[in-house]
Amino acid sequence: MIRLIAKTMRTDKIFKKYILYDKLNWALWLTKSSLIHGLPSHITSPAAVPENQLLNQDERVQNAIKHARFWDTTEPRNTLLHNLLHLCATLQPTHPAIGRRILAENYSLAASWKRGDDLFQVRGQNGLLHCSMDPLPRVCGETEVLETSDQILESFYPVSPTIDLQQVNVYKEEINCSGFREGYPYPHAHTLYFLETPDSNSKLRPEQFRAKMIMFTFGNALARAHKLYGSVLEHPITVQAVGTNGRIFQFLVFQLNTTDLSEDDGIKNQVWLEEDVELYDFAKVRPLIKRKEVKVRIPL
Amino acid sequence: MALKCLTRTLRSLTLSQPALLSSQAAAQPKLGAQVPSAISLYRGFLTTASLEQNRTLWKNMDKYTIKPMGMKKTGGRDHTGKIRTRGIGGGHKQKYRWVDFQRLRYEPSKEGRPFEEKVVEVRYDPCRSADIALVAGGNRKRWIIATENMQAGDIIKTSAVIGRMAVSANEGDAYPLGALPVGTLVNNLEIQPGKGSEYIRAAGTSGVLLRKVNGTAIVQLPSKQQVQVLETCIVTVGRVSNIDHNKRIIGKAGRNRWLGIRPSSGLWKRKGGWAGRKIKPLPPMKSYINLPSISAN
């Protein structure tokens, strides 16, 4: 029986006020990555090109928002994300690559890696996943990847980076499972979608939510790397992620450059993060009251 | 519910052994079958007072936690329910934060080495006059009594090493008495090594290390009483936080009630020999060394 350490996503067991995992740098240290603010240009630039846009794009997006915010039920379903995904999927005639992707839900991810003396694991179901038949192209060239080896990871001395992590007994080391069996036609993870649960018990703060995004994206990339290349990485693996609470979006691109995570020096992985992007300014609802009865809620 | 189970088992016991009650059964006129007579023979339990006592059972937790726990107030009452200490009762509800008084507590895997901890937060504690600090080091977090100039982000050191030269101690660090220079202000004094600090914990207090005598150290407590303890006892350096605690003005009777202090009796009573200023010599030095030679003296 080996005592090892695994990541916890359940924050209710720890006294919430003094969780030290508040900053992104913990997640960055665990995944041995360097952070770059803003998404890479080759992802944001195609959005401005008119042939990549939908017909009546603004109007259709606004309809999607109205559907999600005003006309929807209170059942736990993330309408907005599904509507936006549907809108993007309608671009298929012009962009055939979209047809080679599929949405998957509730898949169990398991990835484990050694960092120093401790074994870390990411396990769990994070939500939606867009998987595709082809891997994503790498974002950064070789030279920039080598430059990251000069960056130094932040040290948390005297606090150990494993503080606030749940310690779990593990009987099988090196579990790496991407959630799908062999022979699945869409093996490469393309984009993860993180939805903030409306459950107030396990509400994560924005920084913790972003850290969760980084950890799961990293887990997906690592599981894929182990499957494809074994222990030594030949080509960098790129995975994207989108996280939202309905109004504010966070975009993330993760490039796995190395699986040698036991030491602090060497090539680092890279994270491009765009935080707190608002889809719309406000979408408030005012109830129409007739004779002291709430009739209809009118959107402002 | 436990009561009903007990009575039920007792009842079944009496039913299964009618031979034991044969003398009483013979005395009664045999009216019906065996069972009704057996039923009339058992006696239920009578309890007039609750079996549980309103004591400090809320404090029974084996694992250390930084989460504040709900506290039960005693109101000055003891286990019999009568008032043992007058003037205590009411006051604002308080949650107990478990302070770790044993400063030299190693983590399970890192025994024996001096370690450092980072102060995460210094905050008010309703249960004591001093402020408490949340410190995090290695894989654990704990509450300790904060010293005077402790702020969030400081790094404090705990060591059990007694070197030949005295250590130049920073405030907030914890060292054994034998490692500190004579004349340092100390607080959170341990009387016996490893027991945890029991002295000099109140707001603004500090003791003075007077001298070190072959293996023992003599500390002056805030009451000017002198105490001789082993030099391996751990103390923290500096004054306890919240030094202006004795300068606060209560202002009104209500504030005292918020603190849980009930009014004293307003009746005028003649004061006896206990009242008035006393000028006496200091009591002799108390020694906590437990050496056979000292007890023989």
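The rules behind each value
- Residues numbered from 1 in each chain as written.
- Chains lettered and ligands numbered in written order.
- Predicted model: local features only at pLDDT ≥ 70, side-chain atom pairs only at ≥ 80, totals over all residues.
- Heavy atoms only, no water.
- Helix = DSSP H or I, 4+ residues; strand = E, 2+ residues; numbered from the N terminus.
- Buried < 20%, exposed > 50% of the residue type's maximum accessible area, 1.4 Å probe, protein only.
- Contact = heavy atoms within 4.5 Å.
- Areas by Shrake-Rupley, 256 points an atom, 1.4 Å probe, with all protein chains shown as cover.
- UniProt positions renumbered as here; feature names shortened; annotations may be inferred.
- Core = buried A, V, L, I, M, F, W, Y, C linked by side-chain atoms within 4.5 Å.
- Domains from an automatic or database assignment.
- Buried area = accessible area lost by both parts, 1.4 Å probe.
- 1 Å grid on protein atoms, 1.4 Å probe; cavity = no way out; pocket = protein on both sides within 12 Å on 5 of 7 lines; lining within 4 Å.
- Points joined across faces, edges and corners; volume = space filled by probe spheres on them.
- Nonpolar A, V, L, I, M, F, W, Y, C, P; charged D, E, K, R; others polar.
- Salt bridge = Lys/Arg side-chain N within 4 Å of Asp/Glu carboxyl O.
- Polar contact = N/O pair within 3.5 Å; in protein donor to acceptor, adjacent residues only side chain to side chain.
- Pairing = 2+ DSSP bridges.
- Axes fitted to C-alpha atoms, helices over the stretch in contact; angles between N-to-C directions.
- Phe/Tyr/Trp six-rings, centres within 6.5 Å; stacked < 30°, edge-to-face > 60°.
- Lys NZ or Arg CZ within 6 Å of the ring centre and 35° of its normal.

Novice: For this particular structure, what's the right way to read the overall build of chain A?
Specialist: Scanning chain A from N- to C-terminus turns up 6 helices and 13 strands. When burial is assessed residue by residue, chain A has 43% of its 300 residues classed as buried. Relative to all contacts within chain A whose residues are 6 or more apart in sequence, the contacts with residues 24 or more apart total 74%. Looking at chain A as shown, the accessible area adds up to about 16,700 Å², and 52% of this sits on carbon and sulfur atoms.

Novice: Help me understand the overall build of chain B, please; the structure alone is not making it clear to me.
Specialist: A count of helical and extended segments in chain B gives 5 helices and 13 strands. Per-residue burial for chain B yields a buried fraction of 31% across its 297 residues. Pairs at least 24 residues apart make up 61% of the contacts formed inside chain B by residues separated by at least 6 positions. Accessible surface for chain B amounts to roughly 19,500 Å². Of this, 55% is attributable to carbon and sulfur atoms.

Novice: I'm lost on the UniProt feature "domain: Large ribosomal subunit protein uL2 RNA-binding" (unreviewed entry) in chain B in this one. Help?
Specialist: Under the UniProt annotation, "domain: Large ribosomal subunit protein uL2 RNA-binding" (unreviewed entry) lies at residues 76-158 of chain B. A helix fraction of 0% and a strand fraction of 35% characterise residues 76-158 of chain B, whose end C-alpha atoms lie 37 Å from each other.

Novice: Can you walk me through the nonpolar core in this structure?
Specialist: Side chains of nonpolar character tend, in soluble globular proteins, to be buried together. Counting 49 residues, the largest nonpolar core has A:Trp113, A:Leu192 and A:Leu256 as its most contacted members. Ranked by residue count, the leading element in this core is helix H6 (residues 206-229) of chain A, at 11 residues. Those residues in contact with A:Leu192 that sit more than four places away from it in its chain are A:Tyr107, A:Asn126, A:Leu128, A:Leu129, A:Phe216, A:Thr217, A:Asn220, A:Val239, A:Gln240, A:Ala241 and A:Val242. Counting residues in hydrophobic clusters, the runner-up holds 18 residues, among them B:Leu180, B:Leu209, B:Val219 and B:Val235.

Novice: Explanation requested: the UniProt feature "domain: Large ribosomal subunit protein uL2 C-terminal" (unreviewed entry) in chain B in the structure shown.
Specialist: Sequence positions flagged by UniProt for "domain: Large ribosomal subunit protein uL2 C-terminal" (unreviewed entry) are, in local numbering, residues 169-288 of chain B. Annotated as 5% helix and 24% strand, the span residues 169-288 of chain B places its first and last C-alpha atoms 25 Å apart.

Novice: Just to check I follow, could you spell out the domain arrangement of chain B for this structure?
Specialist: All names here are of chain B. Looking at chain B, the domain boundaries give domain 1 (48-97) and domain 2 (99-245 + 281-287). For domain 1 and domain 2, the distance between their C-alpha centres works out to 28 Å. On the side of domain 2, 12 residues touch domain 1, which itself brings 7 residues to the contact. Surface buried jointly by domain 1 and domain 2 totals about 850 Å² across both partners, of which 58% is contributed by carbon and sulfur atoms. Three residues stand out in domain 1 for area buried against domain 2, namely Tyr64, Ile66 and Arg97, and they jointly supply 74% of the buried area on that side.

Novice: What am I meant to see in empty space enclosed by the protein here?
Specialist: Any empty space left between atoms is shown by rolling a water-sized probe over those atoms. Residue and element names in this part refer to chain B. In total, this model carries 4 cavities of 30 Å³ or more according to the counting rule given. In this structure, the second largest cavity occupies an estimated 110 Å³ of space. At the level of elements, strand E5 (140-145) and strand E12 (234-237) are the ones that each hand at least two residues to the lining of the second largest cavity. It is E12 that contributes the most residues to the lining of the second largest cavity, 3 residues altogether. Residue classes in the lining of the second largest cavity are distributed as 6 nonpolar, 4 polar and 3 charged.

Novice: Teacher, can you tell me more about the pattern of salt bridges here?
Specialist: Should their charged atoms come close, side chains of opposite charge can pair. Scanning the entire structure with this criterion turns up 15 salt bridges over all chains. For A:Glu207, the salt bridge is made with A:Arg210, and the minimal N-O distance between the two is 3.5 Å. Taken together, the residues span about one helical turn, with A:Glu207 and A:Arg210 both in helix H6 at a distance of 3 residues. Looking at A:Glu207, the relative accessible area reads 28%, which means it is partly exposed. A:Arg210 is the salt-bridge partner of A:Glu275, the closest N and O atoms lying 3.6 Å from each other. Taken together, the residues span a long stretch of sequence, with A:Glu275 in strand E11 (residues 269-278) and A:Arg210 in helix H6 at a distance of 65 residues. Residue A:Glu275 is classed as partly exposed on the basis of its relative accessible area, which comes to 29%. Linked by salt bridges that have partners in common, B:Asp100, B:Arg105, B:Glu117, B:Arg140 and B:Arg142 make up one network.

Novice: What is the right way to read the interface of chain B and chain A from this model?
Specialist: Reports often express the size of an interface as the amount of accessible area lost when the parts come together. Counting from both sides, the interface comprises 18 residues of chain B and, opposite them, 13 residues of chain A. Of the roughly 1,200 Å² buried where chain B meets chain A, counting both sides, 63% is carbon and sulfur surface. On the surface where chain B and chain A come into contact, there are 6 residue pairs in polar contact (both at pLDDT 80 or more). Elements represented by at least two residues in the side of chain B that touches chain A include exactly strand E3 (115-124), strand E4 (131-137) and E5 of chain B. Sort the elements by how many residues they give to the side of chain B that touches chain A and E3(B) lands first, with 6 residues. Grouping the amino acids of the side of chain B that touches chain A by side-chain chemistry returns 7 nonpolar, 3 polar and 8 charged.

Novice: Would you mind showing me how to read helix H1 (residues 24-31) of chain A here?
Specialist: Quick reminder: α-helices carry 3.6 residues per turn. Residues three or four places apart thus point the same way. Residue and element names in this part refer to chain A. Among the 8 residues of H1, 7 are classified as buried, and the element is accordingly described as predominantly covered. Turning to H1, its buried residues number three or more, namely Leu24, Trp26, Ala27, Leu28, Trp29, Leu30 and Thr31. In the segment just after H1, Lys32 is the residue with positive phi, at about 55°.

Novice: Which parts of the structure should I look at to understand the sheet that holds strand E2 (residues 33-37) of chain A?
Specialist: Within a beta sheet, neighbouring strands are joined by backbone hydrogen bonds and run either parallel or antiparallel to one another. Residues and elements named next belong to chain A. An order of E2-E11-E10-E9-E8-E6-E3 is seen for the 7 strands of this open sheet, with the pairing classed as mixed. Unpaired on one side and paired on the other, E2 and strand E3 (101-105) mark the two borders of the sheet. Each strand of the sheet is rotated relative to its neighbour by a mean of 20°, with strand direction disregarded. Relative to strand E10 (residues 248-256), strand E9 (residues 237-244) runs antiparallel, the two sharing 8 bridges. Across the sheet, Thr244 pairs through a bridge with Phe249, a residue of E10.

Novice: Honestly, the packing of aromatic side chains in this entry has me stumped. Any pointers?
Specialist: In total, this model carries 12 aromatic pairs over all chains according to the counting rule given. Between A:Trp113 and A:Phe120, the ring centres sit 6.0 Å apart and the planes meet at 25°, which makes this aromatic pair stacked. On the basis of relative accessibility, which here comes to 2%, the residue A:Phe120 falls in the buried class. Judged by centre distance (5.7 Å) and plane angle (75°), the rings of A:Phe218 and A:Phe254 are edge-to-face. Here the residue A:Phe218 occupies a position in helix H6, and A:Phe254 occupies one in strand E10, the gap between them amounting to 36 residues. Assessed through its relative accessible area of 0%, A:Phe218 is described here as buried. Ring pairs connect the aromatic residues A:Tyr107, A:Phe180, A:Tyr184 and A:Tyr186, which therefore count as one cluster. One residue, B:Arg201, lies across the ring of B:Phe101, its end atom 3.6 Å from the ring centre.

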